[in-house]
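# Structural features, examined
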Amino acid sequence: MTLRELPKLELHLHIEGAAPPAFIRGLAQEKSVDLSKIFKEDGSYDFRDFVHFLSVYEAATSVLKSPEDYARLVRANLEESAAHGVIYTEMFISPDFCGGSDVEAWRDYLHAMQEAAAEAEAKDGIVMRGIVTCIRHFGPEKAKASALCAAETAGDWITGFGIGGDEGKGALGDFAWSFDLAREAGLRLTAHAGEWGGPASVRQALDDIGVERIGHGVRAIEDLALVERLAEDGVVLEVCPGSNVVLGLYPKWDRHPIQALRERGVKVTVSTDDPPFFHTTMTREYEELARAFGWGTADFLEISRNALDAAFCDADTKARLADRLKDHPE
Ligand code: HPA
Ligand code: ZN
């Protein structure tokens, strides 16, 4: 079995960030929006650094204007993920971009996305779940509106609540009201931390908003007492190595701390974050990890089991996915 064919579970994927550039260019053309400044000549997304990436991301997202656009996006993303062996994916979805965090509009977007996901599951066997995500640099008031959307639609398909955006803005504790509401609605919680913020930001995610998973979290390696805590408490990291390398957090794949975290007992998983932005795919992540750290099928199986344990879907779905992982050669 090739690395591409190995069954994979992905826990950290931004729905708009997975949009192929050609898909966004097509929508821009249909809607007569000039997006030429966000693309390089070779057609890929053009950005200088993380903060510029966020603004390019929002410009690309601006052409997604209707539930049907998001249904098309879900189809495109799931087809691409399935082609790389992904059997289960959790996508971050922001009500801010899907109807401006109005609950009734959000329901329409959700309905369209869910229908597209059900079609993709029937066609390619890939299972999708949604994590509602607020955007840190939009501030705590906007986050409350997103959390209300999340709480109203919590269930089998919207299974989690999280926060992305600029880690340099505000403190995670400012969003505690939203995370409390989501928790009370039965949603599972994750937050971006320990990417641009150091170990203290990971502690804040655990202590100030009570999340069970951390998006990235890799900079925990700078504080070994924190690493020990993550290992002891079984906190799972949604690690996106290719994203970290492209954004310059680590100079090369073999300098990435994923292996060191794993050796110290931290449960790590592997995701792509915003794959076309970072010139990656799940296959490419696996290939680079195999090359940098000598990982083989047994290592990738451990990663998949970590992801399955930490997935926010229900027990029946997990049992179905576990069956499919059994085909995975040791
Ligand atoms: N990181 C943080 N926020 C984001 C990202 C990301 O990679 N993509 C979209 N919002
Ligand atoms: Zn992310």
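Keep in mind that this is a model prediction, so the values were computed, not measured.

This paragraph deals with helix 3 (residues 67-83). Residues spaced three or four apart along an α-helix point in a common direction, a consequence of the helix completing one turn every 3.6 residues. If you check helix 3, its first and last C-alpha atoms are 24 Å apart, about what 17 residues at 1.5 Å a residue would give, namely 24 Å. Those residues of helix 3 that are buried lie in contact with strand 1 (8-14), helix 1 (21-30), helix 2 (50-61), strand 2 (86-93), helix 4 (103-124) and strand 3 (127-135). Immediately downstream of helix 3, the backbone of Gly85 shows phi near 85°, a positive value.

On to the environment of Gly168, then. Tracing the sequence through the fold places Gly168 in the loop between strand 4 (158-164) and helix 6 (176-184). Remark: the alpha-carbon pair of Gly168 and Asp207, spanning 39 residues in sequence, is separated by 18 Å.

Attention now moves to the pairing of strand 5 (residues 188-193). Each regular strand carries side chains that alternate between the two faces of the sheet. Among the six residues in strand 5, five count as buried, and that is most of the element. Across two bridges, strand 4 lies against strand 5 in parallel orientation. For Gly160, the partnering residue across the bridge sits in strand 5 and is Arg188. Handedness of the crossover joining strand 4 and strand 5 through helix 6: right-handed. Relative to strand 6 (residues 213-216), strand 5 is paired through four bridges, and the arrangement is parallel. Each bridged residue has a counterpart across the sheet, and for Thr190 the counterpart in strand 6 is Arg213.

With that settled, consider the coordination of the zinc ion (ligand 2). Summarising the metal site, the zinc ion (ligand 2) is bound by the protein donors His12 (NE2), His14 (NE2), His192 (NE2) and Asp273 (OD), whose distances to it range over 2.1 to 2.2 Å. One can describe the donor arrangement at the zinc ion (ligand 2) as irregular, given that its four donor atoms subtend angles of 86 to 172° at the metal. Expressed as a motif, the donor residue spacing for the zinc ion (ligand 2) is H-x1-H-x177-H-x80-D. With His14 in strand 1 and His192 in strand 5, this pair connects stretches of sequence that are 178 residues apart.

Bringing the side chain of Arg262 into the picture now. Mapped onto the elements, Arg262 comes out in helix 10 (residues 258-263). Residue class for Arg262 comes out buried when judged on its relative accessible area of 13%. With residues near it in sequence (within four places) discarded, Arg262 still touches Val268, Trp295, Asp299 and Glu302.

Take the site of ligand 1 next. Taken together, His14, Phe50, Phe53, Leu54, Tyr57, Gly164, Gly165, His192, Asp273 and Asp274 make up the full set of residues adjacent to ligand 1. The separation between a nitrogen atom of ligand 1 and a polar main-chain atom of Gly165 is 2.8 Å. Contact between ligand 1 and Asp273: an oxygen atom at 3.0 Å from a side-chain N or O atom of the residue. Protein coverage of the free-state accessible area of ligand 1, which is 260 Å², stands at 94%. If you tally residues by element for the shell around ligand 1, the top one is helix 2, at four residues. Considering only residue class, the shell around ligand 1 consists of four nonpolar, four polar and two charged.

Looking now at helix 2. Here helix 2 contains 12 residues, and its C-alpha end-to-end distance of 16 Å stays within 8% of the 16 Å for a straight helix at 1.5 Å per residue. Of all the 12 residues making up helix 2, nine are buried; the element is thus mostly covered by neighbouring parts of the structure. Taken as a whole, helix 2 has its buried residues at Phe50, His52, Phe53, Leu54, Val56, Tyr57, Ala59, Ala60 and Thr61. In this fold, the buried residues of helix 2 make contact with strand 1, helix 1 and helix 3.

Where charged atoms from two side chains of opposite charge come close, those side chains can pair. If you walk through the whole model with that rule in mind, you get 25 salt bridges. Between Arg72 and Glu30 there is a salt bridge; the shortest N-O distance is 2.9 Å. Here the residue Arg72 occupies a position in helix 3, and Glu30 occupies one in helix 1, the gap between them amounting to 42 residues. Taking the shortest distance from any N to any O, the salt bridge between Arg320 and Glu121 comes out at 3.3 Å. Remark: Glu121 occurs in helix 4 and Arg320 occurs in helix 13 (residues 315-325); sequence separation between them is 199 residues. A relative accessible area of 43% means that Arg320 is categorised as partly exposed. Overall, Glu121 belongs to the partly exposed group, its relative accessible area being 26%.

What counts and how
Residues numbered from 1 in each chain as written. Chains lettered and ligands numbered in written order. Predicted model: local features only at pLDDT ≥ 70, side-chain atom pairs only at ≥ 80, totals over all residues. Heavy atoms only, no water. Helix = DSSP H or I, 4+ residues; strand = E, 2+ residues; numbered from the N terminus. Expected span 1.5 Å × (residues − 1). Contact = heavy atoms within 4.5 Å. Buried < 20%, exposed > 50% of the residue type's maximum accessible area, 1.4 Å probe, protein only. Pairing = 2+ DSSP bridges. Right-handed = clockwise from strand over helix to strand, strands pointing away. Donors = N, O, S within 2.8 Å, 3.2 Å for Na, K, Ca; no water. Tetrahedral: all angles 85-135°; square planar, octahedral: opposite > 155°, others 65-115°. Near = heavy atom within 4 Å. Polar contact = N/O pair within 3.5 Å; in protein donor to acceptor, adjacent residues only side chain to side chain. Areas by Shrake-Rupley, 256 points an atom, 1.4 Å probe, with all protein chains shown as cover. Nonpolar A, V, L, I, M, F, W, Y, C, P; charged D, E, K, R; others polar. Salt bridge = Lys/Arg side-chain N within 4 Å of Asp/Glu carboxyl O.

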